[in-house]
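# Observations on the model geometry
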Amino acid sequence: MVNETLEEIKKLKKKRNAIILAHNYQKEEIQEIADFVGDSLELSRTAAQVKCDVIVFCGVHFMAETAAILNPDKTVLLPEIDAGCPMADTVDVTELKKWIKKYPHAPVISYVNTTAEVKALSYACCTSANAPQIVKAVPFNSIIFVPDKNLADWVKKNVPDKEIIVWNGFCPTHHMIKKEDVLRAKESHPDALVVVHPECRPEVIELADHVASTSGMVRFTKASSHREFIIGTETGLLYKLKKENPDKIFYPLKKTMICPNMKITTLESVLSALKENKYVIKVSEELRIKAKQAVDRMLTLVS
Ligand code: 13P
Ligand code: SF4
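What comes next concerns the included structure. From a predicted model like this one, the values you see are computed outputs, not experimental measurements.

## Some remarks on the side chain of Thr214
Its location among the elements puts Thr214 in helix H12 (residues 214-223). Dropping the residues within four chain positions of it, Thr214 is found in contact with His23, Asn24, Tyr25, Asp39, His197, Thr233 and Leu237.

## Thoughts on the site of ligand 2
Around ligand 2, the neighbouring residues are Tyr25, Val60, Cys85, Pro86, Asn113, Cys171, Glu199, Cys259 and Met262. The cavity that encloses ligand 2 is the largest pocket. Split into classes, the residues belonging to the shell around ligand 2 amount to seven nonpolar, one polar and one charged.

## Section: the site of ligand 1
Ligand 1 sits among 13 residues. The nearest are His23, Ser40, Ser128, His197 and Thr214. The separation between an oxygen atom of ligand 1 and a polar side-chain atom of Glu199 is 3.2 Å. In the environment of ligand 1, an oxygen atom lies 2.5 Å from a nitrogen or oxygen atom belonging to the side chain of Thr214. Protein chains bury 96% of the 300 Å² of accessible surface belonging to ligand 1 in isolation. Mapping ligand 1 onto the cavity grids shows that it belongs to the largest pocket. Taken together, the residues of the shell around ligand 1 sort by class into four nonpolar, seven polar and two charged.

## Here's the deal with the pattern of salt bridges
If the charged atoms of two oppositely charged side chains come close together, the side chains can form a pair. Evaluation of the coordinates by the stated rule reveals 16 salt bridges. Residues Arg219 and Glu42 are paired through a salt bridge, measuring 3.3 Å at the closest nitrogen-oxygen approach. Note that Arg219 is positioned in helix H12 and Glu42 in helix H3 (residues 40-49), a separation of 177 residues in sequence. For Arg219, a relative accessible area of 49% translates into the label partly exposed.

## Some remarks on empty space enclosed by the protein
Per the counting criterion, the structure on display carries one cavity of 30 Å³ or more. For the largest cavity, the calculated volume is near 60 Å³. Taken together, Ser40, Leu43, Ser44, Ala47, Phe57, Phe62, Met63, Thr66, Ala67 and Val112 form the lining of the largest cavity. Of all the secondary structure elements, the ones that give two or more residues to the lining of the largest cavity are H3 and helix H4 (61-70).

## What to know about the layout of surface pockets
If a probe as big as a water molecule is rolled over the atoms, it shows which places are left empty. One number sums up the size of the largest pocket: a volume of about 270 Å³. Every residue lining the largest pocket is counted, 24 residues in all, and those nearest its centre are Tyr25, Asn113, Cys171, Glu199 and Met262. Listed by contribution, the elements that provide at least two residues to the lining of the largest pocket are H4 and helix H9 (172-175). No other element matches the three residues that H9 contributes to the lining of the largest pocket.

## Brief notes about the side chain of Ser128
Tracing the sequence through the fold places Ser128 in the loop between strand E6 (124-126) and helix H7 (131-137). Side chain to side chain, Ser128 and His197 meet in a polar contact 3.4 Å long. Those residues in contact with Ser128 that sit more than four places away from it in its chain are Tyr111, Leu151, His197, Pro198 and Ser213.

Definitions and cut-offs
- Residues numbered from 1 in each chain as written.
- Chains lettered and ligands numbered in written order.
- Predicted model: local features only at pLDDT ≥ 70, side-chain atom pairs only at ≥ 80, totals over all residues.
- Heavy atoms only, no water.
- Helix = DSSP H or I, 4+ residues; strand = E, 2+ residues; numbered from the N terminus.
- Contact = heavy atoms within 4.5 Å.
- Near = heavy atom within 4 Å.
- 1 Å grid on protein atoms, 1.4 Å probe; cavity = no way out; pocket = protein on both sides within 12 Å on 5 of 7 lines; lining within 4 Å.
- Sits in = over half its atoms within 2 Å of the grid points.
- Nonpolar A, V, L, I, M, F, W, Y, C, P; charged D, E, K, R; others polar.
- Polar contact = N/O pair within 3.5 Å; in protein donor to acceptor, adjacent residues only side chain to side chain.
- Areas by Shrake-Rupley, 256 points an atom, 1.4 Å probe, with all protein chains shown as cover.
- Salt bridge = Lys/Arg side-chain N within 4 Å of Asp/Glu carboxyl O.
- Buried < 20%, exposed > 50% of the residue type's maximum accessible area, 1.4 Å probe, protein only.
- Points joined across faces, edges and corners; volume = space filled by probe spheres on them.

This is the structure in structure tokens:
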């Protein structure tokens, strides 16, 4: 049955001139069928460059929407329409507009985990892989940073000379990790390095040996001479980490670090997406042009 599904996906991909992009948190079988698996920055870069008619985006809504912003002439499909991001949902556009009025000297820098409407109100976007560099590079001393307060704190540490006005959002999957969880994991694996995502709480980051985006973690563990690592991000990344580092050992910081939205997509839903052309993610042209400016700035501000 699985083989039949895989064969059908392959055939339809060819017929529709489609490519499959997947985030590092996707299920193993989705990572296996994808043409490219990466972090949010790599996926945005790839989406901006791919030559095809259809992009099947195995991730969450804002990721497919970013691909649609960058590719008005392609069909962008999100196999599971309910795959959202609770962190992105914390930004209320009416409230953000009030902030923009209240702090006219501070343009908005939005994490890519936001809707097109929020991107359209932003000067530039950023991801976990480039947030401090983007904030450093923009020609302003004050910025409004939405929506992740933990990532904002990480940016503040790295760019202490700028004023950062912080939205009160967070990622439930990363924010659930407490200092005690790190201490417990360290006690169980005393020889392991602790690597965490910047969406984690400041007190968790404080205890880490390295802080990076998901693909940054893959690069760091590959380059390191260490053998054991405690990984503080969604557990889906462990598949790629183990695949790329067969001789190294990876422990999840906590086994419950699972993003339910990243796990909805299945081989069956990818097949249905290609077969039934669903769910098409489209942004109105007016909104797309405004949102694209912020995404383009991110892609050009820092290399
Ligand atoms: P990155 O893969 O860009 O680090 O993003 C993490 C994340 O939470 C995406 O939703
Ligand atoms: Fe959103 Fe967190 Fe899930 Fe990423 S892991 S999609 S930030 S809830």
